[in-house]
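Observations on the model geometry
Residue-level listing of the chains:
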Amino acid sequence: MIQLKWEYLAALIVGVGINTAVASERMEDGRHTYQAACATCHDTGANGAPRIGHPEEWSDRSRLWETVLFEHAEKGYMQMPAKGGDTTLSQYDVDAAAEYLLTESHPQQLSD
């Protein structure tokens with residue numbers, strides 16, 4: 001019985017490690033997509049885009065801004081083109097880039 005508990009615990013730890021690796025890979029994919037399609041505006045603030053890593057520039061957004069961010073990334077908004085102007089991006093790419101932007105701009109919200 002004790003052996004079974006240890007095997008379960010070991011499997012759980014391995015599973016957490018795999019999930020962490022998958023999440024890390026998704027953030028890396030998001031970073032690449034962000035750099036290719038989003039950074040031109042969100043690194044510099046061009047066209048009024050809130051800059052990555054500057055949470056104060058996002059402060060006037062709706063309380064639902066995370067959901068809105070994903071929708072705007074997919075469909076575009078005002079001067080921001082859909083998919084950052086790269087219509088070949090998949091839904092995964094767009095979502096991963098939005099998650100990356102969110103993580104870099106509001107890391108404290110990940111722990112809330």
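The shown structure was predicted, so the numbers you read here are calculated from the model rather than taken from an experiment.

**Points about the confidence of the model for the chain**
Reading fine detail from the predicted coordinates is not recommended where pLDDT is low. Confidence in the prediction of the chain, expressed as mean pLDDT, is 80, and 72% of residues score 70 or more. In the model of the chain, helix 1 (residues 2–42) stands out as the element of lowest mean pLDDT, 71, in contrast to helix 3 (residues 91–105), which has the highest, 91.

**Some details on the packing of aromatic side chains**
Following the criterion strictly, the structure yields 1 aromatic pair and no others. Arranged with centres 5.5 Å apart and planes meeting at 50°, the rings of Y34 and Y100 form a pair that is tilted. Residue Y34 is located in helix 1, and its partner Y100 is located in helix 3; the two are separated by 66 residues in the primary sequence. Comparing Y34 with Y100, the two get one shared label, buried.

**Side note on the nonpolar core**
One finds Y34, I52, W58, W65, L69 and L101 to be the most contacted residues of the largest nonpolar core, which totals 15 residues. Listed by contribution, the elements that provide at least two residues to this core are helix 1, helix 2 (65–75) and helix 3. Sort the elements by how many residues they give to this core and helix 3 lands first, with 6 residues. Discounting chain neighbours no more than four positions away, the residues touching W58 are H42, P50, R51, W65, L69, L101, S105 and H106.

**Overview of unusual backbone geometry**
Working note: non-glycine residues mostly have negative phi, and peptide bonds are mostly trans. A positive phi is found at N47, a non-glycine position, where the angle reads about 60°. Here N47 shows up in the loop between helix 1 and helix 2. Phi is positive for K83, close to 55°, though the residue is something other than glycine.

**Focus on the side chain of S105**
Here S105 lies in helix 3. Among the polar contacts made by the side chain of S105, one reaches the main-chain amide nitrogen of G53 at a distance of 3.0 Å. Setting aside chain neighbours within four positions, we find S105 in contact with R51, I52, G53, P55 and W58.

Reading guide: rules and limits
Residues numbered from 1 in each chain as written. Predicted model: local features only at pLDDT ≥ 70, side-chain atom pairs only at ≥ 80, totals over all residues. Heavy atoms only, no water. pLDDT = per-residue confidence, 0-100. Helix = DSSP H or I, 4+ residues; strand = E, 2+ residues; numbered from the N terminus. Phe/Tyr/Trp six-rings, centres within 6.5 Å; stacked < 30°, edge-to-face > 60°. Buried < 20%, exposed > 50% of the residue type's maximum accessible area, 1.4 Å probe, protein only. Core = buried A, V, L, I, M, F, W, Y, C linked by side-chain atoms within 4.5 Å. Contact = heavy atoms within 4.5 Å. Polar contact = N/O pair within 3.5 Å; in protein donor to acceptor, adjacent residues only side chain to side chain.

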